[in-house]
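# Examination of the molecular architecture
Listed here are the chains, written in short residue letters.
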Amino acid sequence: MIQTENTEKEKNTKSDKRTSEILIGVGFLILAAVFSAIALMQPKISTDGSQNEISEVGTTSSVVSEFSDSTESADTKADENQNYTSSEVKYPLNLNTCTAEELMTINMIGESRAAAIISYREYLGGYTNVEQLKNISGIGDEVYSAIEPFVTV
């Protein structure tokens, strides 16, 4: 009788251990799936200077843009482009009519971001809201908040 109880306890212990191992395994699988989903949602960043392609949610079309160096100042960009200086450009700039050179006078907008803004404008057929800039690769909340006072629709 005592031997039967010990055998039954061993079976219960083994069963509980097996159940715990299965639950831990399932937990790790769920955790791996969550991290994989998060990793796949991140924008693709290229270090070789090639273009990044990002599809707009819900469409099969894509917008091509490049990341630019956000450390350039507006004065440096204005000096590089002799046609426009900060004093000649009237702010806020209309996103539907401005040129890439005008956009580059805004701090944190370099040549590639300006090209991406113009390209996205052509893709959309014109901006309807300034917040649409957030859909462009390389323009997150920080960049958007820095340039938002200088642009309008």
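Refer to the structure above for everything that follows.
Residues numbered from 1 in each chain as written. Predicted model: local features only at pLDDT ≥ 70, side-chain atom pairs only at ≥ 80, totals over all residues. Heavy atoms only, no water.

### A word on the packing of aromatic side chains
Spelled out, the test is: Classification of ring pairs rests on two measures: the distance between centres of Phe, Tyr or Trp rings, Trp counted by its six-membered ring, which must be within 6.5 Å, and the angle between planes, read as stacked under 30 degrees, edge-to-face over 60 and tilted in between. Numbering of helices and strands starts at the N terminus; helices are DSSP runs of H or I of at least 4 residues and strands are runs of E of at least 2. Only protein chains enter the accessibility calculation, which uses a 1.4 Å probe. A residue is then buried if its area is under 20% of the maximum for its type, exposed if over 50%, and partly exposed in between.
In this structure the tally under the stated criterion is three aromatic pairs. Consider the rings of Tyr91 and Phe150, whose centres lie 5.4 Å apart with planes at 75 degrees: the pair is edge-to-face. Of this pair, Tyr91 sits in the loop between helix H2 (74-80) and strand E3 (93-94) while Phe150 sits in the loop between helix H5 (141-147) and strand E4 (151-152), placing them 59 residues apart in sequence. Here Tyr91 falls in the partly exposed class, since its relative accessible area comes to 31%. A centroid spacing of 6.1 Å and a plane angle of 55 degrees characterise the contact between Tyr120 and Tyr127, whose relative ring orientation is tilted.

### Focus on a nonpolar patch on the surface
Put simply, the rule reads: Residues enter patches when their relative accessible area tops 30% and they take part in no salt bridge; the joining distance is 9 Å for like charges and 5 Å for the nonpolar side chains Val, Leu, Ile, Met, Phe, Trp and Tyr. Computed with the Shrake-Rupley method and a 1.4 Å probe, the accessible areas treat only the protein chains shown as cover for residues. The salt bridge definition used is simple: a Lys or Arg side-chain nitrogen within 4 Å of an Asp or Glu carboxyl oxygen.
Taken together, the side chains of Ile22, Ile24, Val26, Phe28, Ile30, Leu31, Val34, Phe35 and Ile38 present a nonpolar region at the surface, about 870 Å² in accessible area. Topologically, Ile24 is positioned in helix H1 (residues 2-41).

### Brief notes about unusual backbone geometry
Residue Pro92 is bonded to the preceding Tyr91 through a cis peptide linkage, with omega at 0 degrees. Tracing the chain through its elements places Pro92 in the loop between H2 and E3.

### Considerations on the side chain of Arg121
Defined as follows: Counted charges follow a simple rule, with Lys and Arg positive, Asp and Glu negative, and His plus the chain ends left uncounted. Any two residues whose heavy atoms approach within 4.5 Å at even a single point are treated as in contact.
Along the chain, Arg121 falls in helix H4 (residues 111-124). In this structure, Arg121 is buried with no salt-bridge partner, the nearest side chain bearing the opposite charge being Glu122 at 5.4 Å. Sequence-distant contacts of Arg121, that is, excluding residues within four places in its chain, are made with Leu95, Asn96, Thr97, Cys98, Gly126 and Tyr127.

### Notes on the environment of Ser137
By the element assignment, Ser137 lies in the loop between H4 and H5. Accessibility expressed as a relative area gives 6% for Ser137, which makes it buried.

### Some details on the pattern of salt bridges
The final tally for this structure, using the stated rule, is one salt bridge. A salt bridge links Lys134 to Asp141, with the shortest nitrogen-to-oxygen separation between them at 3.6 Å.

### Thoughts on the side chain of Glu102
Operational definition: Whenever a nitrogen or oxygen atom comes within 3.5 Å of another N or O atom, the pair is scored as a polar contact, on the condition that within protein one atom can donate a hydrogen and the other can accept it, and that pairs from neighbouring residues in sequence are kept only if both atoms are in side chains.
With respect to the helices, strands and loops of the structure, Glu102 is situated in helix H3 (residues 100-103). Among buried charged residues, Glu102 stands out as having no salt bridge; its nearest opposite-charge side chain is Arg121, 7.2 Å away. Reaching out from Glu102, the side chain makes a polar contact with the backbone nitrogen of Thr99 at a distance of 2.9 Å.

### Some remarks on the nonpolar core
Quick reminder of the rule: To form a nonpolar core, buried Ala, Val, Leu, Ile, Met, Phe, Trp, Tyr and Cys residues must be joined to one another through side-chain atoms within 4.5 Å.
Within the largest apolar cluster, 23 residues are counted, with the highest numbers of intra-cluster contacts made by Leu95, Leu103, Ile117, Leu133 and Ile136. Among the secondary structure elements, those contributing two or more residues to this core are H4 and H5.

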